[in-house]
Amino acid sequence: MSDEQHDRSRIERRDPWAPPQDAVPPSPRDTPRDACPPPPPNGPYDPYQAACPPAYPGYPYAAWLHPAPRNALGTAALVLGIVGTVAAVTCFGVVLGLPLGVLAVVFGLIGRRRARRGEATNGGQALSGTILGAAAIAVSIAVIALVATSYNGLFGAADVALTSARGTYDKPLGADGTARFDDGTQVTATTPQRFTPPAGADGYTAGDTAYRFTVTVRNTGDADLHLGDYTYYGTAGGDQTDLQLISTSTGELAEDFPDVLRPGQVSKVVFAFDVPPGLTPLQFDFEPTTNHEDAYWELRLR
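Residues numbered from 1 in each chain as written. Predicted model: local features only at pLDDT ≥ 70, side-chain atom pairs only at ≥ 80, totals over all residues. Heavy atoms only, no water.

Caption draft 1: View of unusual backbone geometry. A cis geometry characterises the amide bond from Thr280 onward to Pro281, with omega recorded as 0°. Along the chain, Pro281 falls in the loop between strand S10 (266-275) and strand S11 (282-287). The phi dihedral of Asp176 falls on the positive side, at around 65°, and the residue is not glycine. Mapped onto the elements, Asp176 comes out in the loop between helix H5 (123-155) and strand S1 (178-180). One non-glycine residue, Gln240, lies in positive phi territory at about 50°. Residue class for Gln240 comes out partly exposed when judged on its relative accessible area of 34%. (Helix = DSSP H or I, 4+ residues; strand = E, 2+ residues; numbered from the N terminus. Buried < 20%, exposed > 50% of the residue type's maximum accessible area, 1.4 Å probe, protein only.)

Written out as structure tokens, the structure reads:
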């Protein structure tokens, strides 16, 4: 075999995967850094190998090293604080203002702690939620206390009780009977008398009977008696039918009690009611102030 044939045969038998003889070796900068080991053939999935970072510099990798900020509690604190504060100023929403305010404070404090540790970026929202939550708690407590006080004043036990033997609903007073209270207030109702209402009187129906009687209030106590909020009711018959008050713009039916009755003073007012035929007796309920018990009279009609 000639030399030329021998060289041609050697070239043909060279490894096809070998680098060319004139190739430049890679520099160390181009060499992969910390290359991951190849996966085992037909082996199980390896999560650590899947998370292996890229080998070449400049390639974005390891995004899991920078987790998303944990802003959920700070945002929730702000929302709950706003809703709780708005709910706290309403009578129907006040029951929600207190628990929402508590949650806003708790979430806000946790959100502020996360922000200081660098785990969250909305420390301002967390602080605002904490402040609003505290405000919702304070306003809710104030509104609840106000409503409870008003409820006790309207529906609770009266502060000024009756001291007379009669005058309660079960034991009403009769004509000219006097209801006495433990603060020195005395109320007397006289016997009803028929009368003809003047022309133009309000509350009178033709065919009915008009009755009038005098109510006298005496202040025998040591403090002023505020009659500006007194109340009264007139009913008649066994089914206690509501009666219409007869009033005029002038005369005795236009007079009223003074707002304040000083100690030792006496005031009289004429009450007149329109009574339909066949109704008797007349039941009269009088309350000097909202702090007094109600006094009752049962007045026979003739």
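Caption draft 2: View of the nonpolar core. Membership of the largest hydrophobic core comes to 30 residues, with the highest contact counts inside it found for Phe213, Phe257, Phe271, Leu282, Phe284, Phe286 and Trp297. Looking at this core, the elements with two or more residues in it are strand S2 (185-189), strand S4 (209-219), S10, S11 and strand S12 (295-299). Not counting chain neighbours up to four residues away, the residues in contact with Phe286 comprise Val187, Val217, Tyr230, Thr231, Tyr232, Phe257, Phe271, Glu293, Asp294, Ala295 and Trp297. Core analysis: the next-biggest nonpolar cluster, separate from the first, contains seven residues, Ala201, Ala210, Leu253 and Val270 among them. (Core = buried A, V, L, I, M, F, W, Y, C linked by side-chain atoms within 4.5 Å. Contact = heavy atoms within 4.5 Å.)

Caption draft 3: Structural detail: helix H3 (residues 72-88). Helix length check: H3, at 17 residues, gives a terminal C-alpha distance of 24 Å against a target of 24 Å (1.5 Å per residue), a fit within 8%. Within the sequence span of H3, burial applies to Leu73, Gly74, Ala77, Leu80, Gly81, Gly84, Ala87 and Ala88. Projection of H3 onto a plane perpendicular to its axis shows the buried side chains occupying an angular sector of 155°, all on one side. Relative to its buried face, H3 has exposed residues pointing more than 90 degrees away, namely Ala72 and Val86. (Expected span 1.5 Å × (residues − 1). Arc of directions from axis to C-beta.)

Caption draft 4: Summary view of a nonpolar patch on the surface. Residues Val79, Ile82, Val83 and Val86 make up a contiguous nonpolar surface patch of roughly 330 Å² in combined accessible area. Within the secondary structure layout, Val79 lies in helix H3. (Patch = residues over 30% accessible without salt bridge, like charges linked within 9 Å, V, L, I, M, F, W, Y side chains within 5 Å. Areas by Shrake-Rupley, 256 points an atom, 1.4 Å probe, with all protein chains shown as cover. Salt bridge = Lys/Arg side-chain N within 4 Å of Asp/Glu carboxyl O.)

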